[in-house]
Amino acid sequence: MVVSGRGVTAVLGPTNTGKTHYAIERMIAHKSGVIGLPLRLLAREVYQRLIKRVGEGKVALVTGEEKISPPNAAYTVCTVEAMPRTTNAAFVAIDEVQLASDLERGHVFTDRILHLRGTEETLLLGSDIMRNVLSRMMPGLYVIERPRLSRLEYSGSRKISRLQRRSAVVAFSANEVYAIAELIRRQRGGAAVVLGALSPRTRNAQVELYQNGDVDYLVATDAIGMGLNLDVDHVAFAQDHKFDGFQYRPLNLAELGQIAGRAGRHTTDGTFGVTGHAVPLNEETVERLEAHVFEPVKILQWRNQQLDFSSLSNLVSSLERTPVINGLTKAVPSVDQRALEFLSRDDDVTKYTNSASRVKTLWEVCALPDYRGVAPAQHGELISTIFQDLVIKGSVDEDYLAKQLRLLDKTDGEIDTLSARISQIRTWTYVSNHPAWLANPQHWQEKTREIEDRLSDALHERLTKRFVDRRTSVLMKRLREKAMLEAEISVNGDMFVEGHHVGQLNGFRFVPDKSAEGLDAKAVMAASQSALVIEFEARAARLHAGANGDFAIGNDGTIRWNGEPVGKLTKGDHIMKPKVIILADDQIAENVRDLVIARIERFINHHIATVLKPLDELSRADDIEGLGRGLAFQIVEALGVLFRRDVHETVKSIDQSERGILRRYGIRFGAYHIFMPALLKPAPAELITLLWAISNDGFEKAGFGEVIAGLAAGRTSMQTDQSFEREFYRLAGFRFLGKRAVRIDILERLADLIRPALSWNPGDGPRPEAGYDGKTFISTPSMLSILGATAEDIEEILKGLGYRAEPIAAEVVEEHLAGFKDDAEAKSDGPVVEVVSTKQIVKDAEPSVKADEDKDAVAKVDEAVEVEEEPKPVLLWRPASRQERTRGRGKSGAQGDGANKGRSNRGGGKKFTKHNKNNHNKGKQGNSAKFVKKDKPLDPDSPFAKLAALKDQMKT
């Protein structure tokens, strides 16, 4: 087989030689022409350029996925795969002919190079590495060398963050492209992205972002190496390996040169280098790239185009033929051939390949590109479906096609989702552009194009949103123009520069928007400073004239003005005089700073004096003298609460006149505390706790702010948390008493109930409710009520207050109290005895009782009697001796609260004192004895006997 090169011109040279421009000029010089390009993207670009020159009606666009065919079109722009094998056009051009050596697509380029000719002129455009092989295979070929219009120089390795403007970063996977684009967005304002898998509409929109200067960086795959005309000054390789469909390999010199050559435009010089994880190029590689000297192509990929469709096996065999021309090699099976081999083993397909026309149809369907990038079997199933529809129904099932399009006609989702939908819609776009496959091809062409356009626009929007910071890009553009940036601050404190949000002003601190950081952050901040200086002065003036109601103190000591933080309280010389630190940027003027601090201090002093008015007045009292003055000082230092035992000697020495003066200042002399009742409210207690925390580094201590919640809820007592700082209980107005904390004023009410019981003696008059014998007292329901506590809790509370208990048999106490026949005893609730209803006893014993008559019987018995559980001893309380109090305080260690952990004699089997009634009437204590339960005969007429009988009956 001999191929002549006569009438064929090879225009060869490196990138940026104007080869494509030359081909367009030559084509429009003829009455008709066909030009084949390596990418659908590039075909679209050339198509747009041609219609600007000769008019839309004279240019056709034919790709696998798109056909625009005006009736009178003289010129046709194609992808190489879509070029006809023969033509009557006067002019034919094939671009990037070096792709004839590509393992996947090379055989298509080789076929067009060898066989497609224009009637008047044929041009082969590409790299100089094709000179030898083309000249050898095509005798008579005329070669034109075109030198590069600009110089190309190596600039070494740079970090991505330091790349110059108008740079293209090249990577070879979508994930790497996206990662780099994201990094550039954060540091430089944004980047456009170009991948071969993008639809032309998306790719053009992304390129426009770059060409218009909205972004200064482009991140792309090697798609930019195939003739895309971009204003790129520098090309940086972020990767030097790629997957070519068969293996992961390093780029060869020719591929590096093709991509690096995109730097520079016309006569503008360009540079190239590496970035990211790419290894710097060695000296020899750099020299050859700069001089455009690469290894020549020696072998072109070839596949037989004279196919035998007489049978499926013959077609497969004809594809396996080897070339007879030196310099050609049989191509490895590509997607269409692999699909054919897969389907040739499918009985559902082979049974329909019983004629040459059907075999040819199968081969045409096998040409469907695998846009989805799926497994051969999955791609083969789709081909099988389309083929069977064609041979059985005559066209692709429109219901099936409509269903597939409905699934794809969605613009929600992120970049990967939209990219996947676009790859799938491209499959159906390809199908719709084969008129013989569809009953209504024009309808489906319009439908698929509409869906692809919508998806393309949505993908462009997502890419721009993710990889382009519009604000930063506009600011950078203005900076390049050396224009003065205009800054303004909204009423909400938002800072805008050139209409773009760059940060938030909180009080007197400017917080930059993190997404605005980057190379030009300093320039943006400089533009903001003039606006900030003016705003700081205006805010300071408004703050200084503001009312106290405009300020508030947070529970962390932060002072807020109209909700914005302007200051912080720290430890001062006195606990009630904290120091104010202004929260402001360093740029705030000194006089403005002083003005703000002075107004905040005035508010703090007023706030403390108002909320803690009794304490403030006491601290400034000048009519208190002597020991009273010392006691007042101690109360102020203790923030309003003193334990009386700690100042017992002082209080005892103060005469009544001095006490009267102190009482006028709101001081109460209680049995357990010297305190100021007005401070036992949530607002004062909260401020007191805050001031203490400021002076004692208490913000991080356990329980800060927790106890106040109980006070605000109106609790008179609460269960304590042993992990809390105990001082927080006192500051909130509670006394820590072991497992229970009781409000201080409530404890004084408790003292009011205990005091008459201990000062009363039998025969002196009516017995107080808690009175017993003048030396001891018993707990009463009134005590439980005011304490909000249980019987067990009150034991803990009384022990913590320094009282000691002695257990006495309940029957002895009952007999003793029965001896007092006065009015007070008659109105009292009687001795503290735990009782429970008969109904509850029956329920606990027999929970399964269901009969109505049994329930009625129980109810009747319950109305008649109350049943006592096994009698429990009653505790007689007395003040602890000095020795006991000292020992108790030593054991408890609870802020000197005296929470005694002494022994309790309650419970079965423990000893207690059994008193004789007569002895008690005489005020004498009986001897200690063990309690022995007496076995009394059961009265058959008593309700207890009736209850027992009922229970026995229910058991049976």
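Please refer to the structure placed before this passage.
Residues numbered from 1 in each chain as written. Predicted model: local features only at pLDDT ≥ 70, side-chain atom pairs only at ≥ 80, totals over all residues. Heavy atoms only, no water.

Asker: Just to check I follow, could you spell out the overall build of the protein chain for this structure?
Answerer: In terms of regular secondary structure, the protein chain is built from 36 helices and 38 strands. By residue count, 49% of the 956 residues in the protein chain fall in the buried class. In the protein chain, of all internal contacts separated by at least 6 residues, the share reaching a separation of at least 24 is 69%. Carbon and sulfur atoms make up 48% of the accessible area of the protein chain, which amounts to about 45600 Å² in all. (Helix = DSSP H or I, 4+ residues; strand = E, 2+ residues; numbered from the N terminus. Buried < 20%, exposed > 50% of the residue type's maximum accessible area, 1.4 Å probe, protein only. Contact = heavy atoms within 4.5 Å. Areas by Shrake-Rupley, 256 points an atom, 1.4 Å probe, with all protein chains shown as cover.)

Asker: Even after reading the chapter, I still don't get the pattern of salt bridges, so can you show me in this structure?
Answerer: For side chains of opposite charge, pairing can occur when their charged atoms come near one another. For the coordinates displayed, the defined rule picks out 42 salt bridges. For Glu 452, the salt bridge goes to Arg 40, with nearest N and O atoms at 3.1 Å. Of the two residues, Glu 452 sits in helix α16 (residues 441-467) while Arg 40 sits in helix α2 (residues 40-54), which places them 412 residues apart along the sequence. Arg 40 matches Glu 452 in its accessibility class, with the two residues each being buried. The salt bridge involving Arg 668 is made with Asp 752; its shortest N-O contact spans 3.9 Å. With Arg 668 in strand β28 (residues 668-669) and Asp 752 in helix α27 (residues 744-759), the pair connects residues that are 84 residues apart, well separated along the chain. Here Arg 668 falls in the partly exposed class, since its relative accessible area comes to 30%. We classify Asp 752 as partly exposed; its relative accessible area is 37%. One network of salt bridges, in which partners are shared, links Arg 40, Arg 44, Glu 65, Glu 66, Arg 426 and Glu 452. (Salt bridge = Lys/Arg side-chain N within 4 Å of Asp/Glu carboxyl O.)

Asker: Sorry, what's going on with a negative patch on the surface here?
Answerer: Taken together, the side chains of Glu 283, Glu 284, Glu 287 and Glu 290 define an acidic patch exposed on the protein surface. Relative to the elements of secondary structure, Glu 287 occurs in helix α8 (residues 283-291). Of the residues examined, Glu 287 reaches a relative accessible area of 46% and is grouped as partly exposed. (Patch = residues over 30% accessible without salt bridge, like charges linked within 9 Å, V, L, I, M, F, W, Y side chains within 5 Å. Lys, Arg positive; Asp, Glu negative; His and termini not counted. Charge placed at Lys NZ, Arg CZ, Asp CG, Glu CD.)

Asker: How should I be thinking about the nonpolar core in this particular structure?
Answerer: One recurring pattern in soluble globular proteins is that nonpolar side chains are buried together. Phe 508, Leu 612, Leu 615, Leu 618, Leu 631 and Ile 635 are the most contacted members of the largest nonpolar core, which has 69 residues in total. When residues in this core are grouped by element, the largest group, seven residues, is from helix α24 (residues 682-695). Apart from the residues within four sequence positions on either side, Leu 612 is in contact with Met 576, His 607, Leu 679, Pro 684, Leu 687, Ile 688 and Leu 691. Formed by 64 residues, the second largest nonpolar core is a distinct cluster that contains Val 62, Leu 99, Val 215 and Ala 220. (Core = buried A, V, L, I, M, F, W, Y, C linked by side-chain atoms within 4.5 Å.)

Asker: Looking at this structure, I do not really get the packing of helix α10 (residues 335-343) against helix α13 (residues 376-392). What am I missing?
Answerer: It is at 9 Å that the axes of α10 and α13 come closest, and there the two elements cross at 75°. One way to sum up the angle between α10 and α13 is to call them roughly perpendicular. Facing Val 335, Ala 339, Phe 342 and Leu 343 of α10, the residues of α13 in contact are Pro 376, Ala 377, His 379, Gly 380, Ile 383 and Ser 384. For the contact of α10 with α13, the class distribution of residues is seven nonpolar, three polar and no charged. (Axes fitted to C-alpha atoms, helices over the stretch in contact; angles between N-to-C directions. Parallel < 35°, antiparallel > 145°, perpendicular 65-115°, else oblique. Nonpolar A, V, L, I, M, F, W, Y, C, P; charged D, E, K, R; others polar.)

Asker: What is the right way to read the sheet that holds strand β1 (residues 8-12) from this model?
Answerer: Strand pairing in a sheet takes place through backbone hydrogen bonds and is either antiparallel or parallel in direction. One open sheet accounts for eight strands, arranged β4-β3-β5-β2-β6-β7-β1-β8; its pairing is mixed. Pairing within the sheet leaves two strands with one partner each, and these edge strands are β4 (67-68) and β8 (142-145). Pairing analysis gives five bridges linking β1 to strand β7 (residues 121-126), with the strands arranged parallel. Looking at the pairing, Val 11 lines up with Leu 125 of β7. (Pairing = 2+ DSSP bridges.)

Asker: Teacher, can you tell me more about the sheet that holds strand β24 (residues 558-561) here?
Answerer: What the four strands build is an open sheet, ordered β23-β24-β25-β26; its pairing is antiparallel. Every interior strand has two partners, whereas the edge strands, β23 (551-553) and β26 (577-582), have only one. The sheet shows a mean angle of 35° between the axes of neighbouring strands, taken without regard to direction. For strand β25 (residues 564-574) and β26, the ladder comprises five bridges, and the chain directions are antiparallel. Looking at the pairing, Leu 569 lines up with Val 580 of β26. Against the sheet, α24 engages β23, β25 and β26, with an angle of about 70° to β25.

Asker: Explanation requested: helix α1 (residues 19-28) in the structure shown.
Answerer: An α-helix turns once every 3.6 residues. As a result, residues three or four positions apart point the same way. When we look at burial in α1, the residues that qualify are Lys 19, Thr 20, Ala 23, Ile 24 and Met 27. Summarising the axial view, the buried residues of α1 lie within an arc of 140°, below the 170-degree limit, and thus occupy one face. For α1, the elements touching its buried residues are β1, β2 (33-37), α2, β5 (75-79), β6 (91-94) and β7. (Arc of directions from axis to C-beta.)

Asker: Even after reading the chapter, I still don't get a nonpolar patch on the surface, so can you show me in this structure?
Answerer: Together, Leu 103, Phe 246 and Val 332 make up a nonpolar patch on the protein surface, roughly 210 Å² of accessible area in all. Within the element layout of this structure, Phe 246 appears in the loop between β14 (241-243) and β15 (248-250). Looking at Phe 246, the relative accessible area reads 36%, which means it is partly exposed.

Asker: Could you clarify how one ought to interpret the side chain of Thr 464 in this entry?
Answerer: Along the polypeptide, Thr 464 turns up in helix α16. Engagement of the side chain of Thr 464 in a polar contact is seen with the side chain of Gln 206, the distance being 3.4 Å. Polar contacts involving the side chain of Thr 464 include one to the main-chain carbonyl oxygen of His 460, which spans 2.8 Å. (Polar contact = N/O pair within 3.5 Å; in protein donor to acceptor, adjacent residues only side chain to side chain.)

Asker: It is not clear to me how the environment of Asn 282 should be interpreted in this structure. Could you clarify?
Answerer: Tracing the chain through its elements places Asn 282 in the loop between β16 (270-274) and α8. Accessibility expressed as a relative area gives 44% for Asn 282, which makes it partly exposed.

Asker: For this particular structure, what's the right way to read the pairing of strand β10 (residues 167-170)?
Answerer: Working note: regular strand, side chains alternate between the two faces of the sheet. With burial as the criterion, each face of β10 is covered, one bearing Ser 167 and Val 169 and the other bearing Ala 168 and Val 170. Note: β10 against strand β12 (residues 217-220), four bridges, orientation parallel. The residue of β12 that forms the bridge with Val 169 is Val 219. Across four bridges, the pairing between β10 and strand β13 (residues 234-237) is parallel.

Asker: Sorry if this is basic, but what is going on with the environment of Arg 882 here?
Answerer: Structurally, Arg 882 can be placed in helix α34 (residues 882-892). A sequence separation of 80 residues divides Arg 882 from Gly 802, and the C-alpha atoms of the two residues are 9.6 Å apart.

Asker: What's the story with the environment of Ala 880 in this structure? I'm lost.
Answerer: Along the chain, the position of Ala 880 falls in the loop between β36 (874-879) and α34. Taking relative accessible area as the criterion, Ala 880 reaches 4% and is therefore assigned buried. The spacing of Ala 880 and Arg 804 is 76 residues in sequence and 5.5 Å in space, taken between C-alpha atoms.

Asker: Where do I start with the packing of helix α19 (residues 590-611) against α24 in this structure?
Answerer: Packed helix pairs are characterised by how far apart their axes lie and by the angle those axes make with each other. Where α19 meets α24, the axes come as close as 10 Å, and the angle between the chain directions of the two elements is 130°. Taken as axis vectors, α19 and α24 run oblique relative to one another. Considering how the two elements wind past one another, α19 and α24 form a crossing that is left-handed. Across the interface between the two elements, His 607, Ile 608 and Val 611 of α19 pack against Ala 683, Pro 684, Leu 687 and Leu 691 of α24. Looking at side-chain class alone, the contact of α19 with α24 contains six nonpolar, one polar and no charged residues. (Left-handed = near helix turned anticlockwise from the far one by under 90°.)

Asker: Is there a simple way to explain unusual backbone geometry in this structure?
Answerer: Both trends apply: most residues other than glycine have a negative phi, and most peptide bonds are in trans. Positioned with a positive phi, Arg 166 is a non-glycine residue whose angle comes to about 60°. Summarising the element assignment, Arg 166 is placed in the loop between β9 (152-157) and β10. Phi angles above zero are rare outside glycine, and His 292 is one such case at about 60°. Relative to the helices and strands, His 292 resides in the loop between α8 and β17 (300-302). Taking relative accessible area as the criterion, His 292 reaches 25% and is therefore assigned partly exposed.

Asker: I keep staring at the packing of aromatic side chains and nothing clicks. Help me out?
Answerer: For any pair of aromatic rings, geometry is given as the distance between the ring centres together with the angle between the planes. The final tally for this structure, using the stated rule, is 12 aromatic pairs. Ring centres 5.4 Å apart and planes at 80° place the aromatic pair Trp 692 and Phe 728 in the edge-to-face group. Of this pair, Trp 692 sits in helix α24 while Phe 728 sits in helix α26 (residues 727-731), and the two are 36 residues apart along the sequence. Note on accessibility: Trp 692 and Phe 728 belong to one class, buried. Residues Phe 699 and Phe 704 carry aromatic rings whose centres are separated by 5.2 Å and whose planes lie at 80° to one another, so their mutual orientation is edge-to-face. For Phe 699, a relative accessible area of 28% corresponds to the partly exposed category. Ring pairing ties together the aromatic residues Trp 692, Phe 699, Phe 704 and Phe 728, which thus form one cluster. The aromatic ring of Phe 643 is capped on one face by Arg 645, whose charged end is 5.4 Å from the ring centroid. (Phe/Tyr/Trp six-rings, centres within 6.5 Å; stacked < 30°, edge-to-face > 60°. Lys NZ or Arg CZ within 6 Å of the ring centre and 35° of its normal.)

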